[in-house]
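Listed below are the residues making up each chain.
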Amino acid sequence: MDAAVVGGGPAGSLAAILLGKSYDVALFEEHQSAGFPVQCAGLVSDKCYKKLKEHCKAEKAIENHIKGAFFFSPSGKIVLEGRGEAVVVERKILDRLLFERAAERAKVFVKEKARLNGFRIITPSREVSAEKIIGADGVNSTVREHFGFPTMGFFTAVQVEAKFEPLDENCVELYFGGNWSDSFFAYAIPLGDTARIGVVSRSSPLRYLENLMKRHPSVSGRVEGSAVELNAGAIPDRLVKFSKRDVALIGDAAGMVKPYTGGGLYYHLIAAEKLAESFPDLKGYEKSYLKEMGREYRFGYAVRKLYSLPDEKLEQLFSAMADFDFRGVHMDSPSTLIRKAADISFRLLRKPSLAFYLVKSLFL
Ligand SMILES: Cc1cc2nc3c(=O)[nH]c(=O)nc-3n(C[C@H](O)[C@H](O)[C@H](O)COP(=O)(O)OP(=O)(O)OC[C@H]3O[C@@H](n4cnc5c(N)ncnc54)[C@H](O)[C@@H]3O)c2cc1C
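Residues numbered from 1 in each chain as written. Predicted model: local features only at pLDDT ≥ 70, side-chain atom pairs only at ≥ 80, totals over all residues. Heavy atoms only, no water.

An unreviewed UniProt entry lists the protein chain under the name Bacteriochlorophyll synthase, 43 kDa subunit (ChlP-2), with Archaeoglobus fulgidus as the source organism.

Novice: Break down the packing of aromatic side chains for me, citing the residues and quoting the values.
Specialist: Summed over all chains, the structure comprises 20 aromatic pairs. On the numbers, 6.3 Å between centres and 55 degrees between planes, the contact of Tyr266 with Tyr267 is tilted. Put simply, the rings of Phe71, Phe155, Phe176, Phe184, Phe185, Tyr307, Phe318, Phe324 and Phe326 pair up and form one aromatic cluster. Seen from the ring of Phe155, Arg202 lies directly overhead, with NZ or CZ sitting 4.1 Å from the centre. (Phe/Tyr/Trp six-rings, centres within 6.5 Å; stacked < 30°, edge-to-face > 60°. Lys NZ or Arg CZ within 6 Å of the ring centre and 35° of its normal.)

Novice: I'd like a rundown of the packing of helix α7 (residues 282-306) against helix α10 (residues 352-363), residues and numbers included.
Specialist: Orientation of α7 relative to α10, taken along the N-to-C sense of each, is 125 degrees, at an axis distance of 10 Å. Regarding the angle of α7 to α10, the classification is oblique. The crossing of α7 and α10 is right-handed. Where α7 approaches α10, its residues Ala302, Lys305 and Leu306 are matched on the opposing element by Leu358, Ser361 and Leu362. (Axes fitted to C-alpha atoms, helices over the stretch in contact; angles between N-to-C directions. Helix = DSSP H or I, 4+ residues; strand = E, 2+ residues; numbered from the N terminus. Parallel < 35°, antiparallel > 145°, perpendicular 65-115°, else oblique. Left-handed = near helix turned anticlockwise from the far one by under 90°. Contact = heavy atoms within 4.5 Å.)

Novice: Summarise the site of the ligand; cite the residues concerned and give the values.
Specialist: Contacts to the ligand come from 36 residues, most closely from Glu29, Ala41, Leu43, Ala114 and Asp252. Within the contact set of the ligand, an oxygen atom lies 3.2 Å away from a backbone nitrogen or oxygen of Gln39. Within the backbone of Gly264, a nitrogen or oxygen atom sits 3.0 Å from a nitrogen atom of the ligand. Notes on the ligand: free accessible area 1000 Å², of which the protein chains cover 90%. Secondary structure elements with two or more residues in the shell around the ligand: α1 (10-19), β11 (154-164), β15 (223-236) and α6 (265-278). Taken together, the residues of the shell around the ligand sort by class into 14 nonpolar, 15 polar and seven charged. The residues that make up the shell around the ligand include at least three from each of domain 1 (3-66 + 91-152 + 238-302) and domain 2 (155-236). (Near = heavy atom within 4 Å. Polar contact = N/O pair within 3.5 Å; in protein donor to acceptor, adjacent residues only side chain to side chain. Areas by Shrake-Rupley, 256 points an atom, 1.4 Å probe, with all protein chains shown as cover. Nonpolar A, V, L, I, M, F, W, Y, C, P; charged D, E, K, R; others polar. Domains from an automatic or database assignment.)

The following block contains the structure:
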């Protein structure tokens, strides 16, 4: 066998779909089906959706079409508006569609929790060896640990579905500030008359979520009744080294998420493409992924630092950015902010003490 992929989430299925075109591949998934348990808000950009459609009938998973976002300042008084096409997908369905596609290209084994003994994969019912092992087994990757790859820290995300009256039924809402998360943001993703409302933070996400729903000046009045379907999950906080000669990681196992949103699917798609193009050269896979995405990670980490600014500075930043025109800035590519460098600099130069504070916090 040329490659054994451990984990049948989106990263593992995509790797199996693309590698399975040209190589003999096996995919091991510990659960009966992919997409379980659901730990996702399901928001993917237009670019990501287009790529997903190359691999499965992703339109079957669509729950809503998004055309923009509202960004709330810590006090909730300043609301910036961004435009951008995206869709909300039902991850249970999407993961199943990708997994079924993977099964057309690779040997797929479900209810087969994989353990490793060197390069042998041992499951409850079989033992196989593969030339290359691809760890797509999520944030708590066994493959990462077994082969001594570095590990990362995590944010925790907690999300509920609740009746909600959105500002616009086709716009997501993002809430910044220390009352709603210690280091990230909270969100609401509309789905008709309900929304997925969630918080990403380093600690106590449930407490922040409760605070958001009960006390946020804009959110609290728009949530109705009690929440249903609580789910929680970990979001890796950084990309780690993810290739050795005969082993590589992909997806959350490698920390491949957008540093500034925690969204993983677009980055996994790019990684699966790079893996298939470079295979069997796994070091080449890491090199080509970093060549394409390295800049996005650097920009993404810088943007994320802004979330931890004191509320008063964030409020000033929101005020400086009032009526900012987000056109041309893509949600998957923070480096596109460069296109707006002149406008951003001009706005900040009008608030020199804020500009000085930002430079100090972000770069020194
Ligand atoms: C609350 C929350 C909201 C999110 N919202 C978004 C969003 O809106 N948009 C977005 O793009 N991303 C979002 N993400 C991130 C996204 O869900 C992840 O990046 C993505 O699911 C990771 O995919 P993966 O295939 O790497 O790992 P996983 O989805 O975790 O899949 C890993 C798979 O490996 C299997 N496995 C593990 N160990 C073994 C083993 N030993 N043997 C066999 N199988 C094994 C597991 O059963 C699982 O099926 C969100 C995450 C959270 C927590």
